[in-house]
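A closer look at the structure
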Amino acid sequence: MDSERYNAREAEPKWQAIWDEKDIFRTGNADARPKYYVLEMFPYPSGRIHMGHVRNYTMGDVIARYKRARGFNVLHPMGWDAFGMPAENAAWHNKSHPADWTYANIASMRTQLKSMGLSIDWSREIATCDPSYYKHQQKMFLDFLDAGLVVRKKSKVNWDPLDHTVLANEQVIDGRGWRSGALVEQRELTQWFFKITDFAEELLGSLDTLTRWPEKVRLMQANWIGRSEGLGVRFELDPAPAVKAREIEVYTTRPDTLFGAKFLAIAADHPLAAEAARNDPALAAFIDDCHHGGTSLAAIETAEKKGYDTGLKARHPFDPEWKLPVYAANFVLMDYGTGAIFGCPAHDQRDLEFANAYGLGNTPVVCPPGQDPETFEITDTAYDGDGVLIHSRFLDGMSIAAAKEDVARRLEGRPLGNRPQGKREVQYRLRDWGISRQRYWGCPIPIIHCEACGVVPVPAADLPVELPKDMSFDEPGNPLARHPAWKHVTCPKCGGAAQRETDTMDTFVDSSWYFARFTDPWNEAAPTTPEMVEKFLPVDQYIGGIEHAILHLLYARFFTRAMQATGHVGALKEPFAGLFTQGMVVHETYRDQDGTWLYPAEIRLSVGSPPQAGNALTSVKSDGSQAVGRRAFSISTGGEVTIGAIEKMSKSKKNTVDPDDIILAFGADTARWYVLSDSPPERDVIWTEEGVQGAAKFVQRLWRLVGELKGLAAPIVTPVPADVSAEAAAIRRAVHGGLIKVEEDIERLRFNRAVAQIHDLANKLSAAVGDIETAKVAPDLRAAFREAADMLTLMLAPMMPHLAEECWAALGHRDLAAQAAWPSADRALVVEDTIAYPVQVNGRKRADLVVARDAGNAAIEAAALALEPVRRALEGRPVKKVIIVPQRIVNVVG
Ligand code: ANZ
Ligand code: ZN
């Protein structure tokens with residue numbers, strides 16, 4: 001065995017077929033063992049898997065295999081997030097049908113994933129574009145509607161006038177549609193919304209319970225939900241002929257700065273602005289102008305601050321003689337707070353930019369610590385830090401908190417009309433989730449519009465509302481709305497002619513509950529089987545990219561609550577108990593003399609040190625030339641190629657490697673091993689040719705080592721005798737010590753360290769094997785080698801499952817490594833039998849003392865005093881006292 005090379009290309013498909021045939025990764029819903037649910041974010045079927053998938057799914061698979069070996073009933077399913085724009089775009093370009101395109105992609109990606117040797121229960125596979133999946137989603141939509149969790153309302157959307165479609169905020173680039181390039185308009189459309197805001201407080205509060213989530217992700221969600229505590233303040237308006245209203249209500253989180261107010265501003269869509277614009281064409285034009293450009297917060301925040309003076313005047317709440325101008329302004333959003341603000345330029349950057357543009361001045365009212373109130377000035381940068389109130393009459397000298405409280409109390413206690421002038425309020429940035437998309441390739445919204453009856457839900461018995469197959473994609477806009485027949489139906493209520501809703505659901509809806517469907521994907525009658533949801537959920541370990549930190553993870557948390565309210569998930573609250581966000585796979589870039597990008601497969605490298613992993617992107621110089629003496633040449637022309645920066649693998653820069661090529665050349669185990677090694681899993685890992693070669697070599701080395709161990713080993717099931725020689729004890733200590741560390745590292749998802757432990761153990765065992773003369777291996781040593789070979793193989797198994805099977809079989813086992821129990825480490829073996837004490841003389845450390853762990857105090861004292869450095873330090877003085885702190889330290893007082 002030790003002379004042959006391990007042939008991954010033969011071994012891997014062989015073992016995959018055996019696992020398949022024995023169906024060993026199927027998870028029993030009736031299995032009574034404790035469950036463990038490990039899930040990687042399911043892929044979009046784009047056509048081919050990429051290295052990011054390889055890393056993601058390998059991590060999940062290591063956990064799945066490890067937990068299975070530890071006796072858990074592991075659920076490790078896979079599915080496809082299969083609706084979405086790319087299929088429709090492909091249909092547009094290739095005249096193919098989105099369904100054909102999608103299912104063909106799924107088939108090839110499934111084959112690819114299988115070639116990685118993932119331990120997945122494929123019997124639970126789901127595709128969100130399948131009517132057998134989306135029918136349940138439609139049912140839940142109707143249940144949510146019944147429960148008041150779905151509403152239909154008007155909202156502002158990004159409208160692309162050329163493509164006739166709504167665009168997501170991400171699809172608006174510099175105010176233009178990403179595909180058409182047309183200037184985007186804001187339109188009011190009636191859309192369907194999920195009422196995620198009903199759960200704002202709950203979604204925020206429960207973040208504290210997610211102790212196994214990255215702090216960063218919890219913070220991002222908290223900011224997104226954006227709870228703010230402030231005051232609603234009503235300002236009296238001077239009577240003006242143009243408008244009927246006599247007041248404006250603003251929302252402020254800084255009532256303490258009221259004496260620094262310089263203006264009021266209302267949103268362009270504020271009813272007052274519309275009213276004032278009736279007699280003011282210039283204001284009307286300004287409002288119209290505000291409707292161009294995106295609706296996203298980012299778009300608004302970066303836009304130049306523009307306003308228009310409405311001519312209205314508002315009275316300061318604490319000084320009726322003090323009149324503030326009222327502007328319509330582009331940076332005030334209608335759907336936050338009251339759609340109106342008072343502007344305090346000294347302490348708010350947006351207000352300052354605005355005031356500087358319109359010559360409104362500023363008065364600082366909070367003085368930073370250490371500044372002189374007489375001279376403190378604001379010019380270009382607003383001050384939003386802590387300090388003491390100044391220029392603020394009765395608030396002068398107060399802290400910000402005290403001033404806020406004082407203003408709130410005064411305004412709450414004072415009527416304006418028949419209500420108090422101020423009211424404490426809590427606001428959230430979170431908005432209801434608009435799910436309507438004017439697209440074909442999504443889950444149809446199960447609604448019928450009838451002239452007589454209005455909005456009518458599709459009866460549950462008529463679900464699914466299936467997408468029509470005969471489609472044409474040759475015009476822009478929503479293909480479903482153009483279909484000649486599909487939308488025409490009879491009203492389920494009155495039997496009259498009616499029309500289907502032609503919008504489909506946002507694809508984020510599809511991914512908001514798939515993890516629950518996996519617990520019982522066979523249930524045809526209902527979306528879930530609540531007992532199974534309660535049995536398997538929450539997901540114990542969820543793994544995916546940080547890019548989903550907010551949307552997907554927040555939507556899924558909302559959906560779980562909505563499903564709970566409608567009886568679909570039992571008592572489940574949070575879907576994901578543990579979350580891990582993995583880093584990217586990055587690679588050098590290559591360019592030839594003409595500046596054309598080249599694939600790694602198109603170049604040949606000359607020797608030199610490859611870039612080091614660890615802190616990937618940050619450690620690379622701006623030109624990317626971090627590696628030393630390394631040169632690259634084009635294989636086709638032989639010309640030298642410039643090695644560029646290390647970046648996220650992307651098709652545009654051609655710095656990708658194809659998982660298929662890697663698996664074909666080196667085997668899946670090598671690819672798996674490599675993506676786990678080198679970098680902590682949350683950091684980026686640099687893919688290099690040298691690195692993958694190194695991993696491939698290590699596979700061969702392990703194979704040889706197990707062969708050598710086998711040559712020296714006792715037959716199977718030879719227990720190691722209780723009393724063994726020092727040599728055998730050392731081997732056992734290395735193996736059991738390594739096992740304990742690998743265990744800890746996998747439990748804590750420190751896969752790179754688990755890999756390093758196995759390297760370390762392999763070195764120790766190679767050394768032990770090298771020292772042996774085969775002829776005279778004593779029985780205890782043979783037993784220790786047997787144990788070492790078996791345990792090393794099982795330790796490898798979660799990471800390199802195919803190699804492990806091959807070794808396991810070669811070692812004479814009849815069962816599968818994938819089904820073997822995790823070896824149990826004997827901790828007693830690892831405890832060293834000696835211990836080192838630092839020895840201090842009068843408080844200064846003078847020496848180290850190595851004694852037997854079980855040495856008594858008298859023996860320790862005698863040994864310590866006999867040490868040469870200790871005697872020297874005592875300089876002949878008598879010893880007054882020796883204090884021994886067991887297992888810790890020896891103190892000599894002299
Ligand atoms: C006066 C003030 C003075 C403000 C100051 C800030 C600093 P958060 O924390 O996000 O809730 N604001 C209120 N409604 C707005 C809207 N519809 N569009 C744009 N801005 C709006 O922010 C609340 C603050 O954002 C409010 O407090 C208000 O400006 C502004 F030194 O009021 B503040
Ligand atoms: Zn009707």
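Below or above, wherever it landed, is the structure these notes cover. (Residues numbered from 1 in each chain as written. Chains lettered and ligands numbered in written order. Predicted model: local features only at pLDDT ≥ 70, side-chain atom pairs only at ≥ 80, totals over all residues. Heavy atoms only, no water.)

1. Quick look at the sheet that holds strand β1 (residues 35-40)
Put simply, the rule reads: If DSSP finds at least two bridges between two strands, the strands pair. Only DSSP runs of H or I reaching four residues or more are called helices, and only runs of E reaching two or more are called strands; each is numbered from the N terminus. With axes taken as lines fitted to C-alpha atoms, and helix axes fitted only over the stretch in contact, angles between N-to-C directions fall between 0 and 180 degrees.
If you trace the 4 strands from one edge of the open sheet to the other, you get β2-β1-β28-β29, paired in parallel fashion. Each end of this open sheet is capped by a strand with a single partner; those strands are β2 (73-75) and β29 (579-581). Going from strand to strand, the sheet's axes swing by 15 degrees on average, the running direction of each strand aside. Sheet topology note: the β1/strand β28 (residues 541-544) ladder contains 3 bridges and is parallel. Following the sheet pairing, E40 is matched in β28 by I543.

2. Structural notes on the pattern of salt bridges
Put simply, the test is: The rule for a salt bridge is simple: a side-chain nitrogen of Lys or Arg has to be within 4 Å of a carboxyl oxygen of Asp or Glu.
All chains considered together, the criterion is met by 54 salt bridges. A salt bridge links E247 to R234; the nearest nitrogen and oxygen atoms lie 2.7 Å apart. A residue pair is termed long-range when its members are at least 10 positions apart, and E247 in strand β11 (residues 247-252) and R234 in strand β10 (residues 227-237) qualify at 13 residues. R410 serves as the salt-bridge partner of D406, at 2.6 Å between the closest nitrogen and oxygen.

3. Looking at the coordination of the zinc ion (ligand 2)
Test applied: Sodium, potassium and calcium take a 3.2 Å donor cutoff, other metals 2.8 Å, and in both cases only N, O and S atoms count; water is not among them, so sites may look incomplete. Irregular is the label for any site that misses the other tests, which are tetrahedral for four donors with all angles between 85 and 135 degrees, and square planar for four donors or octahedral for six when opposite donors exceed 155 degrees and the remaining angles lie between 65 and 115. Relative accessibility thresholds used throughout: buried, under 20% of the residue-type maximum; exposed, over 50%; partly exposed, between the two (1.4 Å probe, protein chains only).
The protein atoms that coordinate the zinc ion (ligand 2) are C450 (SG), C453 (SG), C491 (SG) and C494 (SG), at distances of 2.1 to 2.4 Å. Taken together, the 4 donor atoms surrounding the zinc ion (ligand 2) define angles of 105 to 114 degrees at the centre, an arrangement classified as tetrahedral. Donor residues for the zinc ion (ligand 2), ordered by position in the chain, follow C-x2-C-x37-C-x2-C. Owing to a relative accessible area of 7%, C450 belongs among the buried residues under this scheme.

4. Observations concerning the side chain of R732
Heads up, the rule is: Contact definition: two residues touch when any of their heavy atoms are within 4.5 Å.
Its location among the elements puts R732 in helix α22 (residues 726-747). In this structure R732 touches V720, G737, A784, E787 and L829, once residues within four positions along its chain are discounted.

5. Quick look at helix α7 (residues 215-225)
Our working rule: Here, the arc refers to the directions that run from the helix axis to the C-beta atoms.
For α7, the full list of buried residues reads V217, R218, Q221 and I225. Along the axis of α7, the buried residues cluster in a sector spanning 100 degrees; they form a single face. Opposite the buried face of α7, at more than 90 degrees from it, the exposed residues are E215, K216, L219 and N223. Buried residues along α7 sit in contact with α6 (200-205), β10, β20 (422-428), α17 (551-565) and β29. Count one or two residues on from α7 and you reach G226, which has phi positive near 55 degrees.

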